[in-house]
Number of protein chains: 2
Amino acid sequence: MTTRQDCVVRDRHDPLAPLREQFHLPDGVIYLDGNSLGVRPKATTERMQQVLHDEWGTDLIRSWNTAGWIHLPQRVGNKIARLVGAGENELVVADSTSVNLYKVLSAAARIQRERDPQRRAILSERSNFPTDLYIAESLCKELGWTLRLLEADEVESHLGPEVAVLMLTQVNYRTGRMFDMARLTAAAHAAGVLAVWDLCHSAGAVPVDLKGADADFAIGCGYKYLNGGPGAPAFVWVHPRHADAFSQPLSGWMGHAAPFEFIPHYQPAPGIARYLCGTPPILSMAALECGVDTVLAAEAHGGMAALRAKSVELTELFAQLVEERCAGHGLSVVSPRDAAQRGSQVCLTRSEGGYAIVQALIARGVIGDFRAGDSQMPDILRFGFTPLYTRYVDVWDAVEHLREVMESGEWQRPEFNRRHAVT
Amino acid sequence: MTTRQDCVVRDRHDPLAPLREQFHLPDGVIYLDGNSLGVRPKATTERMQQVLHDEWGTDLIRSWNTAGWIHLPQRVGNKIARLVGAGENELVVADSTSVNLYKVLSAAARIQRERDPQRRAILSERSNFPTDLYIAESLCKELGWTLRLLEADEVESHLGPEVAVLMLTQVNYRTGRMFDMARLTAAAHAAGVLAVWDLCHSAGAVPVDLKGADADFAIGCGYKYLNGGPGAPAFVWVHPRHADAFSQPLSGWMGHAAPFEFIPHYQPAPGIARYLCGTPPILSMAALECGVDTVLAAEAHGGMAALRAKSVELTELFAQLVEERCAGHGLSVVSPRDAAQRGSQVCLTRSEGGYAIVQALIARGVIGDFRAGDSQMPDILRFGFTPLYTRYVDVWDAVEHLREVMESGEWQRPEFNRRHAVT
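Residues numbered from 1 in each chain as written. Chains lettered and ligands numbered in written order. Predicted model: local features only at pLDDT ≥ 70, side-chain atom pairs only at ≥ 80, totals over all residues. Heavy atoms only, no water.

Per an unreviewed UniProt entry, chain A carries the name Kynureninase and comes from Caldimonas thermodepolymerans. Its UniProt record gives chain A the following Subunit (unreviewed entry) comment, quoted word for word: "Homodimer." The heading Function (unreviewed entry) in the UniProt record of chain A holds the text "Catalyzes the cleavage of L-kynurenine (L-Kyn) and L-3-hydroxykynurenine (L-3OHKyn) into anthranilic acid (AA) and 3-hydroxyanthranilic acid (3-OHAA), respectively." (UniProt positions renumbered as here; feature names shortened; annotations may be inferred.)

This is the structure in structure tokens:
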């Protein structure tokens, strides 16, 4: 049986442990929600001061040149590219995940309408993150296409001649289940289908090899494992074989070949820059860069492979400890127990009380979140493990809190059933 | 003849003068580029510290509820609404101007396709800001519509039965020429055309009365006269008669009726909230709120009417002093000399050397910008006057610098012809 002392020892020998020093971690908190909002890097405060005081405050409009604001989407994009197996100048930071998904789905649809107009369906997972489904639903409505939603296991066998686009989130936001990107992409291509990947729960959490997997399009989020801050801008990647093919519909001036020539007709910039749209939010983008840098700091310690190895150990430990120490309380692990099929989170379920259990844990400083189920999906108690700043002893302590919450019946207190606007 | 001392006296008697104290204005700078990037409010630094340290840093994910992050798009939107004649809960902050324009143009197009499918043109001004034209061009391509670009004077007479949407920027970014929103909207409606207004150079600069003018849709920018910071999020307003009509294509989860129920099908939120899309960039949005507050602070001093009165005096003074004191140097005022047709900027032109003259002024700390012309439009030396922080004496001094730059021939130095990425 694992003991708390074992966890202390593992932390002591963890070569990634110093990376935790990059972050401001509030006292008394075990933060297992980095898959929803990553914690604040210490460097972000100073960088924001610099942007506010020197760049915006003093140099003002000149900072577009002198501070390189105009290059931020590419500069930060190139850093993220290193984390997801994309090449230099293939990925930019822009807008939100939802907006970027609209761009790439539109692009994929345009390709397929030229190649094979009979393909008129987007295939996705029923429990994909809702914003992905909403954007796809909207685009399908515009195009007269169909959005087909399947269970994860059914996806591969439904890649047929009527399917235009396969749109998947690599790591499911509810269960943490991870698709094999290379395999699904190959299956999609074999069936003439383009593969669009959402990396929201992958970037900075698991090794991603977009080029190796031969993916077509990818988008992802800056505020989860990339620690970019609340609502940080998102990113978009397009395989070079598609990037110059045509312009996406959100053809704003930042994606123009010569934005500062102010010519009245749109001429898309070469390559991925045409996926930019409006003026980027510099404050949020500067913060994102600090967050990405905290992940790149792992490159000196083995990079994403080392982070992944620790992440697997953390999630494995959590699942194992819950099963050992919280047995008999109706909790079960719904994330895959095979680490190869699991992202950096572990989800539990319980027939009732899931919301209140999460609230009771939060009151104790153990922060996870709750995702309600429906007739087809169970309620989810969701715990994310960011290997950059989560310790083995945090895992132990979190499970102890969970055990105490269950054994004491504490979660049944009425206050833990009060609903919040955001869950 | 006006003297510098006259300007000093006018500043002394200016009831709006105390509003300047809200801003961090760098030493040695006369900033006449608030129409490109507003200066930093002093309050923004402290507010950003609070967001970084307390909200993100300490309360982390809980701040969506406890700090009200989830309500920021509406809260800041309601503040901007007061500046543009919109009602409570009719305007939200979201995305960029370009993205918001895509939403409202799509919405307007959907309305017209139902009402009168023969209307298949968007009408705009040839010298409208390029991103507006690019977005409209892209949408027209998707819809099989035409984008018709006209000179400002020609617009009204071309509102015919084949026109679906009139898309205008109220104050032209190049010349500062201001359309009469009520008149053009009435003319559009009389012709069965919907009116979409871009308020980028209006919000916080001139009084706007969206409801009074009976406009259909409006969008605008947070980083110019609203002082929201570089690339601050933009805003979008839809007249209540249209807001519930249908969903716009960028149907992200933040515009869903119940985003935190995570249901797989899109149900648009009632009213303007359906114009939200992805997760908003909180850092940039918090900064925007501080900027908007600096404009609302004028409410105690007569509000937008008082700001407008001062703006007219500033621009009038600048134009007059340039004509008086810089005569014989080939400079002419291209902004309308009738204040009623002019926004809060004055633009000059010269047959050559415009770029270098602006650079020479910047080197002296007088910051305006340059917009290149083409065969149909003259080069523009652009000077914006934000009445919140621009003094009469700044206007005098700026013109003196211009006079010296011209008289000395200083602008002809080679270094002032070096081009920058961003102009």
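Chemist: Help me out: how do you make sense of the overall build of chain A in this one?
Modeler: Counting its secondary structure elements, chain A contains 13 helices and 13 strands. Relative to a compact globule of 423 residues, whose C-alpha radius of gyration would be 22 Å, chain A shows 22 Å and is just as compact. Out of the 423 residues belonging to chain A, those deemed buried represent 68%. By sequence separation, contacts in chain A at least 24 residues apart represent 73% of the contacts at least 6 residues apart. With an accessible surface of roughly 13700 Å², chain A has 49% of that area assigned to carbon and sulfur atoms. (Helix = DSSP H or I, 4+ residues; strand = E, 2+ residues; numbered from the N terminus. Rg over C-alpha atoms; globule rule 2.2 N^0.38 Å. Buried < 20%, exposed > 50% of the residue type's maximum accessible area, 1.4 Å probe, protein only. Contact = heavy atoms within 4.5 Å. Areas by Shrake-Rupley, 256 points an atom, 1.4 Å probe, with all protein chains shown as cover.)

Chemist: Looking at this model, I keep getting lost on the packing of helix H1 (residues 4-12) of chain B against helix H13 (residues 392-408) of chain B. Mind explaining?
Modeler: Geometry of a packed helix pair, given as the angle between the helix axes and the separation of the axes. Residues and elements named next belong to chain B. One can describe the packing of H1 onto H13 by two numbers: an axis separation of 7 Å at closest approach and a directional angle of 155°. By the criterion of interaxial angle, the relationship of H1 to H13 is roughly antiparallel. Of the residues in H13, those in contact with Arg4, Cys7, Val8, Arg10 and Asp11 of H1 are Tyr392, Val393, Trp396 and Asp397. Class assignment of the residues belonging to the contact of H1 with H13 gives a composition of five nonpolar, no polar and four charged. (Axes fitted to C-alpha atoms, helices over the stretch in contact; angles between N-to-C directions. Parallel < 35°, antiparallel > 145°, perpendicular 65-115°, else oblique. Nonpolar A, V, L, I, M, F, W, Y, C, P; charged D, E, K, R; others polar.)

Chemist: Before we go on, may I ask you to explain the pairing of strand S7 (residues 217-220) of chain B in this structure?
Modeler: Consecutive residues of a regular strand have side chains that alternate between opposite faces of the sheet. Residues and elements named next belong to chain B. Neither face of S7 is exposed, since Phe217 and Ile219 on one face and Ala218 and Gly220 on the opposite face are all buried. As judged from the four bridges shared by S7 and strand S8 (residues 234-238), these two strands associate in the antiparallel manner. Looking at the pairing, Phe217 lines up with Val238 of S8. (Pairing = 2+ DSSP bridges.)

Chemist: Which parts of the structure should I look at to understand the relation of the copies chain B and chain A?
Modeler: A rotation about an axis combined with a shift along that same axis relates the two copies of the chain. When chain B is fitted onto chain A, the two copies agree to an RMSD of 0.0 Å after a turn of 180° and an axial shift of 0.0 Å. The transformation relating the two chain copies, once decomposed into turn and shift, fits a two-fold axis. Within chain B, the C-alpha atom positioned nearest to the axis of rotation is that of Ser284(B), 2.8 Å from it. Interface residue correspondence from chain B to chain A reaches 100%, placing this contact among same-surface, isologous pairings. (Least-squares fit on C-alpha atoms with pLDDT ≥ 70 in both.)

Chemist: I tried to follow the sheet that holds strand S13 (residues 380-384) of chain B on my own but got confused; where do I start?
Modeler: Strand pairs in the sheet, formed through backbone hydrogen bonds, run parallel or antiparallel to each other. Residue and element names in this part refer to chain B. In space, the four strands of this open sheet follow the order S9-S10-S13-S12, with antiparallel pairing throughout. Each edge of the open sheet carries a strand with a single partner, namely strand S9 (332-333) and strand S12 (369-371). Contacts from helix H11 (residues 303-325) reach S9, strand S10 (345-349) and S13, with the element oriented near 25° to S10.

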